[in-house]
Amino acid sequence: MSRTEAPPLPEPLRVPVADSHTHLDMQDATVEEGLARAAAVNVTTVIQVGCDVRGSRWAAETAAAHAGVYAAVALHPNEAPRIVHGDPEGWSRQEAREPGGKAALDEALAEIDKLAALDRVRGVGETGLDRFRTGPEGMAAQEESFRAHIEIAKRHGKALVIHDREAHADVLRVLADAGAPERTVFHCYSGDAEMARICADAGYFMSFAGNVTFKNAQPLRDALAVAPIELVLVETDAPFLTPAPYRGRPNAPYLIPVTLRAMAEVKGVDEDTMASAINDNTARAFDY
């Protein structure tokens, strides 16, 4: 089987469900094709997530054009340091760039703030902290950007969508210090069971992706097991994190049923119960 070949459509869910975090702009199919495939397996709503100004504009426009799509807008945690310090190697999605300093970051944040006011934009994210790709020199810009996004989410009454990579303690510290918005979602939840209890106590939503199905992901399954079902979401983060047995092949919203069924097993509930809870939770988290 080719690693680039799209996995087959899974058995449709009986209860409609939402993909709480996807990147349609990075997937091979057109938006229309992607949504049609998702609808064929009863994934009826997707949250399209922006990672930079250009992608956030695209997310807002796509949500405005399609009934089953809502948007989240933000500068990804790794985007903020690139704006401030530049990216001469062109490693970022927006090609090589010169350092813009704090003024450029402020300008980009002002653009996100404008987009966050739009009706079809229901989330501010993905924002947060990433210790994996950003070194110590970029941390100040990353945290400044995160705090600004928290304020934007609160000002517009939108959900905060968090990217937390190898930065659990610092993310929780900033949220406690700045005051988390009323609705906060840990996208692609990556903490352990102990952190899941902390998130549950704070009322944070935890969104699980296809990596919860990976053989080596027992700590994630342990976290899901203790997470209250009313705070659990499901996502693809497509085209990334394709669930087993299709790991390494392109992901898309239509593969949500594969992850959801694995999650139902961990939670010890049937798939209809899981899907109903997740659908309600996603609508609550993103206020639609």
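Residues numbered from 1 in each chain as written. Predicted model: local features only at pLDDT ≥ 70, side-chain atom pairs only at ≥ 80, totals over all residues. Heavy atoms only, no water.

*Asks:* Quick question: what am I supposed to make of unusual backbone geometry here?
*Replies:* Excluding glycine, residues mostly have negative phi values, and the peptide bonds linking residues are mostly trans. With an omega of 20°, the peptide bond running from Gly-125 to Glu-126 counts as cis. Residues Ala-244 and Pro-245 are joined by a peptide bond in cis, for which omega reads 10°. Inspection of the secondary structure assignment puts Pro-245 in the loop between strand S8 (232-234) and helix H9 (256-267). Positive phi values are uncommon outside glycine, yet Asn-42 reaches one of about 75°. Given a relative accessible area of 18%, Asn-42 falls into the buried group. Residues other than glycine seldom take positive phi values, yet Asp-237 does so here, at roughly 55°. (Helix = DSSP H or I, 4+ residues; strand = E, 2+ residues; numbered from the N terminus. Buried < 20%, exposed > 50% of the residue type's maximum accessible area, 1.4 Å probe, protein only.)

*Asks:* Explain helix H1 (residues 31-40) to me, please; I cannot follow it from the model alone.
*Replies:* Quick reminder: α-helices carry 3.6 residues per turn. Residues three or four places apart thus point the same way. Inspection of H1 places Val-31, Gly-34, Leu-35 and Ala-38 among the buried residues, and these make up the whole buried set. Within H1, the buried residues cover an arc of 95° as seen down the axis, which keeps them to one side. On the buried face of H1, the contacting elements are strand S2 (43-49), helix H2 (53-65) and strand S3 (69-73). Just beyond H1, the residue with positive phi is Asn-42, at close to 75°. (Arc of directions from axis to C-beta. Contact = heavy atoms within 4.5 Å.)

*Asks:* Would you take a moment to explain the packing of aromatic side chains for this structure?
*Replies:* To describe a pair of aromatic rings, you give the distance between the ring centres and the angle between the ring planes. By the definition in use, this model includes 3 aromatic pairs. Considering the side-chain rings of Tyr-189 and Phe-208, the 5.4 Å spacing of their centres and the 45° angle between planes classify their relative orientation as tilted. Taken together, the residues Tyr-189 in the loop between strand S6 (184-186) and helix H7 (193-202) and Phe-208 in strand S7 (residues 205-208) connect sequence positions 19 residues apart. The pair Tyr-189 / Phe-208 is uniform in exposure class, with both members buried. It is Arg-165 that lies over the ring of Phe-132; its NZ or CZ is 3.6 Å from the centre. Cation over ring: Arg-247 sits above Phe-214, and NZ or CZ is 3.7 Å from the ring centre. (Phe/Tyr/Trp six-rings, centres within 6.5 Å; stacked < 30°, edge-to-face > 60°. Lys NZ or Arg CZ within 6 Å of the ring centre and 35° of its normal.)

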